[in-house]
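Here are the chains, one letter per residue:
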Amino acid sequence: MIIRKFDNQEERLDYIEFRQTLLFDNDDVSRLLFEYEITHNEYVAIMDLMDKYRTAIDNQQDISSARFETEMYNILSKEHYGDYHFCEYITRAFMECGRWEEVFWALYGDNPKYKGLRVN
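Residues numbered from 1 in each chain as written. Predicted model: local features only at pLDDT ≥ 70, side-chain atom pairs only at ≥ 80, totals over all residues. Heavy atoms only, no water.

## Section: the packing of helix α2 (residues 28–35) against helix α5 (residues 84–96)
Following both chains from N to C, one finds α2 and α5 inclined at 155°, their axes separated by 8 Å at the closest point. Judged by the inter-axis angle, α2 sits roughly antiparallel to α5. From α2, D28, V29, L32 and L33 reach across to α5, where they touch F86, Y89, I90, A93, F94 and E96. (Axes fitted to C-alpha atoms, helices over the stretch in contact; angles between N-to-C directions. Helix = DSSP H or I, 4+ residues; strand = E, 2+ residues; numbered from the N terminus. Parallel < 35°, antiparallel > 145°, perpendicular 65-115°, else oblique. Contact = heavy atoms within 4.5 Å.)

## A look at helix α6 (residues 101–108)
Within α6 the residues assigned to the buried category are V103, F104, W105, L107 and Y108. Taken together, the buried residues of α6 touch α3 (40–58), α4 (65–75) and α5. (Buried < 20%, exposed > 50% of the residue type's maximum accessible area, 1.4 Å probe, protein only.)

## A few points about the pattern of salt bridges
Any two side chains of opposite charge can pair, given that their charged atoms come close. Summed over the entire model, instances satisfying the criterion amount to 6 salt bridges. Here E71 ties to K52 by a salt bridge, and the two come within 2.5 Å at their closest N and O atoms. Taken as a pair, E71 in helix α4 and K52 in helix α3 lie far apart in primary sequence, 19 residues in all. Under the relative-accessibility criterion, E71 is labelled buried at 19%. Here E102 and R54 are joined by a salt bridge, their closest N and O atoms 2.4 Å apart. Of this pair, E102 sits in helix α6 while R54 sits in helix α3, placing them 48 residues apart in sequence. Here E102 falls in the partly exposed class, since its relative accessible area comes to 24%. (Salt bridge = Lys/Arg side-chain N within 4 Å of Asp/Glu carboxyl O.)

## Focus: unusual backbone geometry
One non-glycine residue, E37, lies in positive phi territory at about 55°. Assignment of secondary structure puts E37 in the loop between α2 and α3. Even without being a glycine, Q60 presents a positive backbone phi close to 55°. Positionally, Q60 belongs in the loop between α3 and α4.

Shown next as structure tokens:
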């Protein structure tokens, strides 16, 4: 468990309100964000990163899971540095919610454990 530190009460209140919203949303993405104690600002940055990778895929640029994970670590708190599982889990959760599917498949789709997920 991460012990979040806040610079002021407003930051703490924003964090609590965001977590409450996640509880009410109760989808795969929200549950993962709640479990990993992601802040609203981190979530917005994660969505920006997902958009960046969608654009790179659309423009047929080279992407890699290693580069994606490094960029993700730069967004998250230091306690999550090196947690490639979160990177994989969040892209899969987005995919399962119908968001940024192409990013998941481009980064992790070749993994044998996901063979059965692909619907052609």
